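# Inside the fold
This is what each chain is made of:
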Amino acid sequence: MYSAMHSAMHRLFVPCRITSRAISRSVLASVLASALGLALLAMPLALEAQEDAGFGDQVEVQEVLLDVLVMDDDGNAVVGLGPEDFRVKENGEARTVEQATFYSHRRFLDAALVETLGVDPVPEDRLFVLAFYRPLSADSRTSGIFFRTREAVERASDWVWKQLAPTDWVAVVSYDSRLRVYQSFTRNREAMDAALERIAAGKKPTGQWKSRQAQEVEGAPRLGDLPTGNELRDATTTIYDGLSVVADALEGVPGRKNLVLFGLDFPVRNGGPTATVDTLRYEPMVQSLNDSNVAVYPIALSGRLAQDTLVQLAEDTGGAYAWSFPDFSVPLDRIARESNGYYLLSYQTSHPAGASGYQRVEVEASDPDLEVRARGGYGFGD
């Protein structure tokens, strides 16, 4: 469960302020020094102090926390790493990792491994959002996407029953022309099945969001205070908006969140001979996802060709894109293995005082044979 200590550890920044000062000295002529005597010998120090107070650049030193997955060739979580096993860079400059804490739901760690490696993971519930992106144009019962969605739902239902731990939380949402919330976070498998079946049948969710809050288990993570009805429709006119709203709603939930996105490639902009990512909508969406520690795992509903926007979305948020597989259970099983545990890295950095923006980050393992996934950056400032 989410303890106060765990919540505090997932705060993004711990700001403090230092001042970088430019120091100069006034040079007094020897004639003045002789004429005015010892009393004026203090003038250089006074001038120095005055200049000291009037000049200088202020910066904010911040603690940054990054969720990082480390896996072997089989996609299994790697345990037993320390701060010295990671390399973090901002704008090409190295940052010293001060702490590397391993979080896990413990199920996959046997006692022998814990004793051998000296690993004492911090227990944490896993959170999954199952999201289905199917534009209205693909909603016809004669559409190939309709039947692929049904297949995905069947495998997802098997997955929540057979692969997830009893402590895992799952929420179910969809997007056609707006965001629709079918089920808030629950551990109830029957409730998950009911939500998935409505999506497979192309039915709208029953009731409004607020009416479902009474069904939530005490202590369950929440999707925040989402708008309802027409307000939710107006706030999510594109898939970019829909994922941003979900991300913002998860901001107050500590820990890494896994968003499994079954769908098609996102709408793009045709600004030249080829289609390009709609950066005006894409960049704010990714920043919202990263600020809320949401890793996106897109799973293609059609074709065997990689779709550029979904590839980029997975890379930017620390997830993985699945586009060629014999059965939907293959990428789902991999997601379950990968999410067994992750590292929370802590390091210090600085930004100009009062500035705000988005800082891109690169994370690698010292061992080149290990695969590392981390969100591509973080927001800073107001």
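As the structure is a computational prediction, the values presented were derived from the model and not from experiment.

### As for the confidence of the model for the protein chain
A residue-level look at the protein chain finds 71% of positions with pLDDT of 70 or above and a mean pLDDT of 78. Taken element by element, the protein chain is modelled with least confidence in strand 1 (residues 16–20), mean pLDDT 29, and with most confidence in strand 3 (residues 86–90), mean pLDDT 97. With pLDDT under 50 throughout, residues 1–56 is counted as low confidence; its partners more than four residues away or in other chains account for 73 contacts. This model gives residues 208–215 a pLDDT under 50, and the stretch forms 17 contacts once residues within four places in sequence are excluded.

### Let's talk about the sheet that holds strand 4 (residues 93–95)
Across the sheet, three strands lie side by side as 4-3-16; this open sheet has antiparallel pairing. Only two strands of the sheet have a single neighbouring strand rather than two, namely strand 4 and strand 16 (362–365). In this sheet, neighbouring strand axes are inclined to one another by 35° on average, regardless of whether the strands run parallel or antiparallel. As paired elements, strand 3 and strand 16 share four bridges and run antiparallel to each other. What sits directly across from Phe 86, in strand 16, is Ala 365.

### Description of the pairing of strand 14 (residues 341–352)
Residues in a regular strand project their side chains so that they alternate between the two faces of the sheet. Within strand 14, nine of the twelve residues are buried, which leaves it mostly tucked inside the rest of the structure. As defined by bridge partners, strand 5 (residues 97–104) adjoins strand 14 across seven bridges and the pair is classed as antiparallel. Of the residues in strand 14, the one forming a bridge with Tyr 103 is Tyr 342.

### Some details on the environment of Leu 130
Within the element layout of this structure, Leu 130 appears in strand 7 (residues 127–133). For Leu 130, a relative accessible area of 0% gives the class buried. Remark: the alpha-carbon pair of Leu 130 and Val 173, spanning 43 residues in sequence, is separated by 6.3 Å. With residues near it in sequence (within four places) discarded, Leu 130 still touches Trp 159, Val 160, Val 170, Ala 171, Val 172, Val 173, Leu 196 and Val 260.

### Here's the deal with the sheet that holds strand 10 (residues 257–263)
Pairing between sheet strands relies on hydrogen bonds along the backbone, with the strands arranged either parallel or antiparallel. Overall, mixed pairing links the five strands, which are arranged 9-8-7-10-13 in an open sheet. In this open sheet, the two edge strands, each paired with only one partner strand, are strand 9 (179–186) and strand 13 (294–300). When the angles between neighbouring strand axes are averaged without regard to direction, this sheet yields 15°. In the sheet, strand 7 pairs with strand 10 via seven bridges, with the strands oriented parallel.

### A look at the packing of helix 9 (residues 239–249) against helix 10 (residues 279–291)
In contact at an axis separation of 8 Å, helix 9 and helix 10 are set at 20° when each is read in the N-to-C sense. By the angle class used here, helix 9 and helix 10 are roughly parallel. The way helix 9 lies across helix 10 gives a crossing that is left-handed. Of helix 10, the residues touching helix 9 (which contributes Tyr 240, Leu 243, Ser 244, Ala 247 and Asp 248) are Arg 281, Tyr 282, Pro 284, Met 285, Ser 288 and Leu 289. For the contact of helix 9 with helix 10, a count of residues per class yields seven nonpolar, two polar and two charged.

Calculation rules
- Residues numbered from 1 in each chain as written.
- Predicted model: local features only at pLDDT ≥ 70, side-chain atom pairs only at ≥ 80, totals over all residues.
- Heavy atoms only, no water.
- pLDDT = per-residue confidence, 0-100.
- Helix = DSSP H or I, 4+ residues; strand = E, 2+ residues; numbered from the N terminus.
- Contact = heavy atoms within 4.5 Å.
- Pairing = 2+ DSSP bridges.
- Axes fitted to C-alpha atoms, helices over the stretch in contact; angles between N-to-C directions.
- Buried < 20%, exposed > 50% of the residue type's maximum accessible area, 1.4 Å probe, protein only.
- Parallel < 35°, antiparallel > 145°, perpendicular 65-115°, else oblique.
- Left-handed = near helix turned anticlockwise from the far one by under 90°.
- Nonpolar A, V, L, I, M, F, W, Y, C, P; charged D, E, K, R; others polar.

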